[in-house]
Amino acid sequence: MPLPVVAIVGRPNVGKSTFVNRIAQIDEAIVHEMRGVTRDRSYHEADWNGVRFTLIDTGGIEMGTDDDFQESIRAQAFVAAKEADVIVFLVDGKTGINADDEEVAKILRRSEKPVMLVVNKMDTPGKLDEMWEFYQLGLGDPHPVSSHHGIGTGDMLDVLVDNIRALPTAETDEEEDGDSIKIAIIGRPNAGKSSLANKMIKADRSIVSDVAGTTRDAIDTTIEYEGSRYTIIDTAGLRRKSQIDQDVEYYGFVRAMRAIDRANVALLVVDASIGLTDQDQRVAGFALDRGCAMVIILNKWDLVEGPEAKAEIRERIADRLIFVGFAPVVAISALSGKNVVRIWDAINEAHANYCQSIPTNRLNTWLEEIRDFGHTISSGKKVLRTKYVTQTGTCPPQFTFFANHPDMVDDNYKRYLENRLRGSFNLTGTPIRLKFKRKD
């Protein structure tokens, strides 16, 4: 399930990056006294008392005139109010309220989302006389913290977690479509995702445009095809985070991540007329990390001229996407609809393998063959002996191996076992997870 999204909004130099570093317990966001330093948005998972959430710093305000700042800050507040589950409005306790704070407060007061007013840089415990002026923002009780020293952050997080726990949990659409295969159409901007979605649902539900980033939201459409139900999730295009220049587009990235979290199968759309790029690899990595089954779609295949050029693209796919080598590749033209029908068979196979359970007796018969083959690991007198294997999870399939020295298992041996598993069982389209435990 997607994690709740907590957005941090506020004007430059109120300490948002320091706040992110403190709450997420990382040291990645750039901290500098010059306002506007944060160009990239921070996207981190955080945890407090067992409650996990996604923490987002809506940084990225570029240097410019005061009017430019106000416009950007307002845009951030609008988008955060629309897309986030909980909003943290961070203000500066040393400088007090200014016009930008008042503008953001007006927007957030109209939001139906929980809003927490957090006053940063309150470095002296117990000295809270300066707090009273922040009540005039009309956002309830202000929460004093010092992100730099960690003062007050625990109390603030308790309230934040209470707000998260109070969020509505009913997912009516998902409950109604619980028997459908959920498909996230992902890829970098302008690869043809919306055109593909339209062909698959046979309706112009999604906006189709040559302008990169047209699709801001994840749009769900449930359809029936040859007796099976599918929910198509058309998502915003994914770019490198350092190239995301608009707050709205950044929240499109967040929603795409949520769509992948909800999906059973991801269709990775690659623009064949351009060829495989580093961004395509990153997008594939996002889906792999989240355990999605996957089908690779080579779109605009009709624009690739000649068998040699097509063979080169397929070879590049096999080479650079080897970490998702389990994913079948389907070449199509979404605009004309050519070969789109082939995608359904690939989805069905990937989903069936994603959900399948392999009997333990078949797995251990396979393991005996592996042992007979003789490939193992040794270190001095220690020899790795894998004694038993069973499937301990599905969606994606997870296999647990019991061995005498599980600490000896390295990446090469894991790849060897995965390749042998895939050679013996149909695991096309799905990632698999391998775990190792001690068995004396």
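Placed above this text is the structure.
Keep in mind that this is a model prediction, so the values were computed, not measured.

Participant: Got a sec to walk through the overall build of the protein chain? Specific residues and values, please.
Facilitator: Counting secondary structure elements, the protein chain contains 12 helices and 17 strands. Going through the 440 residues of the protein chain one by one, you find that 52% of them count as buried. Counting only carbon and sulfur atoms, one obtains 46% of the accessible surface of the protein chain, whose full area is about 21100 Å².

Participant: Would you mind going over the sheet that holds strand β17 (residues 433-438) in detail, with residue names and values included?
Facilitator: The three strands lie next to each other as β15-β16-β17, forming an open sheet whose pairing is mixed. Two strands lie at the open edges of the sheet, namely β15 (386-393) and β17, each paired on one side alone. Recorded for the sheet is a direction-independent mean angle of 25° between the axes of neighbouring strands. As judged from the six bridges shared by strand β16 (residues 398-403) and β17, these two strands associate in the parallel manner. Paired with phenylalanine 401 across the strands is phenylalanine 436, a residue of β17. Sheet strands touched by helix α11 (residues 360-373): β15 and β16. Its angle to β15, the strand with the most contacts, is close to 145°.

Participant: Mind laying out helix α10 (residues 342-355), listing which residues take part and the relevant values?
Facilitator: With 14 residues, α10 ought to run about 20 Å at 1.5 Å a step, and its terminal C-alpha atoms sit 21 Å apart, in line with that. Where α10 is concerned, the buried positions are Ile343, Trp344, Ala346, Ile347, Ala350, His351, Asn353 and Tyr354.

Participant: An account of the state of the cysteines is requested, with residue identities and associated values reported.
Facilitator: Per the counting criterion, the structure on display carries zero disulfides. With no disulfide of its own, cysteine 355 has cysteine 395 as its nearest cysteine by sulfur position, at a separation of 3.7 Å.

Participant: Let's hear about the packing of aromatic side chains: which residues, and what values?
Facilitator: All told, the structure shown has seven aromatic pairs when counted by the stated rule. Measuring from centroid to centroid gives 5.7 Å for tryptophan 132 and tyrosine 135, while their planes differ by 25°, and the two rings are stacked. An aromatic cluster is defined as three or more aromatic residues linked by ring pairs; in this entry it consists of Tyr225, Tyr230 and Trp344.

Participant: Any chance you could break down α11 for me, citing the residues and the numbers?
Facilitator: With 14 residues, α11 ought to run about 20 Å at 1.5 Å a step, and its terminal C-alpha atoms sit 20 Å apart, in line with that. Within α11 the residues assigned to the buried category are Leu363, Asn364, Trp366, Leu367 and Ile370. Angularly, the buried residues of α11 cover 155° about the axis, an arc narrow enough to put them on a single face. Turned more than 90 degrees away from the buried face of α11 sit Asn361 and Asp372, all of them exposed.

Participant: Could you give me a rundown of the pattern of salt bridges, with the residues and numbers involved?
Facilitator: Following the criterion strictly, the structure yields 13 salt bridges and no others. Residues glutamate 224 and arginine 229 are paired through a salt bridge, measuring 3.8 Å at the closest nitrogen-oxygen approach. Classification of glutamate 224 as exposed rests on a relative accessible area of 59%. Within this structure, Asp179, Glu224 and Arg229 form a network of salt bridges that share partners.

Participant: Account for the pairing of strand β11 (residues 293-299), naming residues and giving values.
Facilitator: Across the seven residues of β11, seven count as buried, placing the element largely inside the fold. Following the backbone out of strand β10 (residues 265-271), through helix α8 (residues 278-289) and into the adjacent parallel β11, one traces a crossover that is right-handed. Relative to strand β12 (residues 329-331), β11 runs parallel, the two sharing three bridges. What sits directly across from leucine 298, in β12, is alanine 331.

Participant: How would you summarise the pairing of β16 if you had to cite specific residues and measurements?
Facilitator: Inspection of the sheet shows β15 paired to β16 by six bridges, in the antiparallel sense. Within the sheet, the bridge partner assigned to valine 389 lies in β16 and is phenylalanine 401. In sequence, β15 turns back onto β16 through a hairpin of four residues, with cysteine 395 there showing a positive phi of about 55°. Assessed by its sense of winding, the connection that carries the chain from β16 through helix α12 (residues 411-424) to β17 is right-handed.

Participant: Pulling in residues and values, what's your account of the packing of α11 against α12?
Facilitator: In a packed pair of helices, the relevant descriptors are the angle between the two axes and the axis-to-axis distance. Here α11 crosses α12 at 125°, and the two axes come no closer than 11 Å. When the axis of α11 is compared with that of α12, the two are oblique. Like other packed secondary-structure pairs, α11 and α12 cross with a definite hand, here right-handed. Across from Leu363, Trp366, Ile370 and Phe373 in α11, the residues of α12 making contact are Tyr416, Leu417, Arg420, Leu421 and Ser424. Within the contact of α11 with α12, the residues separate by chemical class into seven nonpolar, one polar and one charged.

Participant: Hey, could you go over the side chain of asparagine 404 for me, with residue numbers and the actual values?
Facilitator: Examined against the element boundaries, asparagine 404 turns out to sit in the loop between β16 and α12. Looking at asparagine 404, its side chain comes within polar contact range of the main-chain oxygen of valine 383, at 3.0 Å. Excluding its chain neighbours within four sequence positions, the residues that come into contact with asparagine 404 are Val383, Leu384, Arg385, Lys387, Arg438 and Lys439.

Participant: So what's going on with unusual backbone geometry? Which residues, and what values?
Facilitator: The omega torsion of the bond from cysteine 395 to proline 396 falls at 5°, within 30 degrees of zero and hence cis. Within the secondary structure, proline 396 is located in the loop between β15 and β16. The phi torsion at cysteine 395 lies on the positive side, around 55°, for a residue other than glycine. With respect to the element layout, cysteine 395 can be found in the loop between β15 and β16.

About the criteria used
Residues numbered from 1 in each chain as written. Predicted model: local features only at pLDDT ≥ 70, side-chain atom pairs only at ≥ 80, totals over all residues. Heavy atoms only, no water. Helix = DSSP H or I, 4+ residues; strand = E, 2+ residues; numbered from the N terminus. Buried < 20%, exposed > 50% of the residue type's maximum accessible area, 1.4 Å probe, protein only. Areas by Shrake-Rupley, 256 points an atom, 1.4 Å probe, with all protein chains shown as cover. Pairing = 2+ DSSP bridges. Axes fitted to C-alpha atoms, helices over the stretch in contact; angles between N-to-C directions. Contact = heavy atoms within 4.5 Å. Expected span 1.5 Å × (residues − 1). Disulfide = S-S within 2.5 Å. Phe/Tyr/Trp six-rings, centres within 6.5 Å; stacked < 30°, edge-to-face > 60°. Arc of directions from axis to C-beta. Salt bridge = Lys/Arg side-chain N within 4 Å of Asp/Glu carboxyl O. Right-handed = clockwise from strand over helix to strand, strands pointing away. Parallel < 35°, antiparallel > 145°, perpendicular 65-115°, else oblique. Left-handed = near helix turned anticlockwise from the far one by under 90°. Nonpolar A, V, L, I, M, F, W, Y, C, P; charged D, E, K, R; others polar. Polar contact = N/O pair within 3.5 Å; in protein donor to acceptor, adjacent residues only side chain to side chain.

The values are spatial; any link to function lies outside them.
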